[in-house]
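These are the residues of each chain, in order.
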Amino acid sequence: MYGSTFTEWRSEAAEEWHRFTHHPFVEGLRDGSLPRQAFLNYLIQDYVFLIHFSRAWALAVVKAETVEEMRFATDTLDALLNGEIALHVATCTREGIDEATLFAAPEAVQNIAYTRYVLDAGHSGDFLDLLAALAPCVLGYGEIGLRLAAGRGNTPYDEWIDTYAGHDFQKACRDAGALIDRAVARRLGPSPQDSPRWATLSRRFATAVRLEIGFWDMGLQG
């Protein structure tokens, strides 16, 4: 769906991936049963998450080895700051929560664990380490958006679903998957699974998936 490297990482973390993409929080979005306050609490934390996620994509510019990689990272950074985050701001503004309140929100422990893991992957590793840690969020939300859009009626969460199922986000997922494939081939060669680095990158991906599950758990807990 989003490239061969992602397909392999997803397969190797199949059990965790299913728990992430079919989490009760996700199913509550699909059928509209998710309590509104749980959704708002999640949006507040996800706004804070996306601020740190933006910093991680800015770090990707530093870790990149090609102009193409740098341009992709800067384009993604722009899409986060001026696109995806705008959805959170608009939804919360309608509920009486302004952006200053979002930015100042105390971080949940699960949020700290996930965002700092991603940033540490980038600081302590290279471009591939960072991409492996970033991929579950980008590509997981793309997969979730498509599945929910195909199997739901009208729910209070249609705007959220349509954002991640929409053309722009799906194109971003396909482009991200292609970038990962090219970056892996550039650094690990035509048979990346034979590289001694493959297992480490797969573990980074799987760890980020587990942290995504924790983020949904946090959303349900409120």
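What you see is a predicted model, and the numbers here were worked out from it, not measured in a lab.

What follows is about the overall build of the protein chain. Assigned secondary structure in the protein chain consists of eleven helices and zero strands. When the helices and strands of the protein chain are placed in sequence order, the string is α-α-α-α-α-α-α-α-α-α-α. The C-alpha radius of gyration of the protein chain comes to 17 Å, within 12% of the 17 Å expected for a compact globule of 222 residues. Along the first, second and third principal axes, the C-alpha atoms of the protein chain reach 50 × 35 × 30 Å. The buried share of the protein chain, reckoned over its 222 residues, is 54%. Considering only residue pairs separated by 6 or more positions, the protein chain has 80% of its internal contacts joining residues 24 or more positions apart. Counting only carbon and sulfur atoms, one obtains 55% of the accessible surface of the protein chain, whose full area is about 9700 Å². Looking at the protein chain, you have 20 positive and 30 negative side-chain charges, and the mean spots of the two groups are 3 Å apart.

Our next topic: the pattern of salt bridges. Overall, the coordinates contain 14 salt bridges when judged by the stated rule. Arg36 is the salt-bridge partner of Glu95, the closest N and O atoms lying 3.3 Å from each other. Pair noted here: Glu95 is in the loop between helix H5 (67–94) and helix H6 (99–103) and Arg36 is in helix H4 (residues 36–63), with a separation of 59 residues, a long-range link. Residue classification places Glu95 among the partly exposed positions, given a relative accessible area of 38%. Residue class for Arg36 comes out partly exposed when judged on its relative accessible area of 30%. In the salt-bridge network here, residues are joined through shared partners; they are Glu65, Glu69, Arg186 and Arg187.

For any pair of aromatic rings, the description consists of the separation of the ring centres together with the inter-plane angle of the planes. By the definition in use, this model includes 23 aromatic pairs. Seen in terms of ring centroids, Tyr141 and Tyr164 are 5.0 Å apart; in terms of plane orientation they differ by 80°. Their pairing is edge-to-face. Residue Tyr141 is found in helix H8 (residues 127–150), and its partner Tyr164 is found in helix H9 (residues 158–165); the two are separated by 23 residues along the sequence.

Between its first and last C-alpha, H5 extends 40 Å over 28 residues, near the 40 Å set by a 1.5 Å rise per residue. Where H5 bends most, at Ala86, the angle is about 40°. Turning to H5, its buried residues are Glu69, Phe72, Ala73, Thr76, Leu80, Glu84, Ile85, Leu87, His88, Val89, Thr91 and Cys92. Where the residues of H5 are buried, they touch H4, H6, H8, H9 and helix H10 (167–188). In the stretch just after H5, Gly96 is the one whose phi turns positive, near 85°.

On to the side chain of Thr21, then. Secondary-structure assignment places Thr21 in helix H2 (residues 14–21). For Thr21, the contacting residues outside a window of four places in its chain are Val26, Glu27, Glu143, Ile144 and Arg147.

Among the residues of helix H1 (residues 4–12), Thr5, Phe6 and Trp9 are the ones counted as buried. Seen along its axis, H1 keeps its buried residues to an arc of 95°; they face one direction. Tucked into the core, H1 has its buried residues touching H2, H8, H10 and helix H11 (198–221).

Here the focus is the nonpolar core. Generally speaking, a soluble globular protein has its nonpolar side chains buried in company with each other. Counting 79 residues, the largest nonpolar core has Tyr42, Phe53, Trp57, Leu139, Tyr141, Trp160 and Trp216 as its most contacted members. Ranked by residues supplied to this core, first place goes to H4 with 15 residues. Contacts of Trp216, omitting those with residues within four sequence positions, involve Phe20, His23, Phe25, Val26, Tyr42, Tyr141, Ile144 and Trp160.

If you trace the backbone, Glu69 turns up in helix H5. Once residues lying within four places of it in the same chain are set aside, the contact partners of Glu69 are Ala64, Phe127, Leu179, Ala183, Arg186 and Arg187.

So, how was this worked out
- The numbering scheme is per chain: residues are counted from 1 as the chain's sequence reads.
- In keeping with the predicted nature of the model, local features appear solely for residues at pLDDT of at least 70, side-chain atom pairs appear and are counted solely at 80 or more, and the whole-chain, interface and lining totals rest on all residues.
- To get the side-chain values, take all heavy atoms of the structure and skip hydrogens and water.
- Only runs of H or I of at least four residues qualify as helices and only runs of E of at least two qualify as strands under DSSP, and these elements are numbered from the N terminus.
- Our radius of gyration looks at C-alpha atoms and nothing else; its globule reference is 2.2 Å times the residue count to the power 0.38.
- Accessibility here uses a 1.4 Å probe with only protein chains present; expressed as a share of the type maximum, an area under 20% marks a residue as buried, one over 50% as exposed, and anything in between as partly exposed.
- Contacts were defined at the residue level, with two residues in contact if any of their heavy atoms lie within 4.5 Å.
- Only the protein chains shown count as cover for residues, and the accessible areas themselves come from Shrake-Rupley with a 1.4 Å probe.
- Note on charges: Lys and Arg go in the positive column, Asp and Glu in the negative column, and His and the chain ends are not counted at all.
- Note on charges: their place is set at NZ of Lys, CZ of Arg, CG of Asp or CD of Glu.
- Note on definitions: salt bridges are taken to be side-chain nitrogens of Lys or Arg within 4 Å of carboxyl oxygens of Asp or Glu.
- Each aromatic pair joins two rings of Phe, Tyr and Trp (for Trp, the six-membered one) with centres within 6.5 Å, and gets the label stacked for planes under 30 degrees apart, edge-to-face for over 60, and tilted for any other angle.
- By this rule the span expected of a helix is its residue count minus one, scaled by 1.5 Å.
- What is called the bend at a residue is the angle between a pair of axes, fitted to the seven residues leading up to and ending at it and to the seven starting from it.
- It is the directions from the helix axis to the C-beta atoms that the arc portrays.
- Throughout this description, the term nonpolar core refers to a set of buried Ala, Val, Leu, Ile, Met, Phe, Trp, Tyr and Cys residues connected via side-chain atoms within 4.5 Å.

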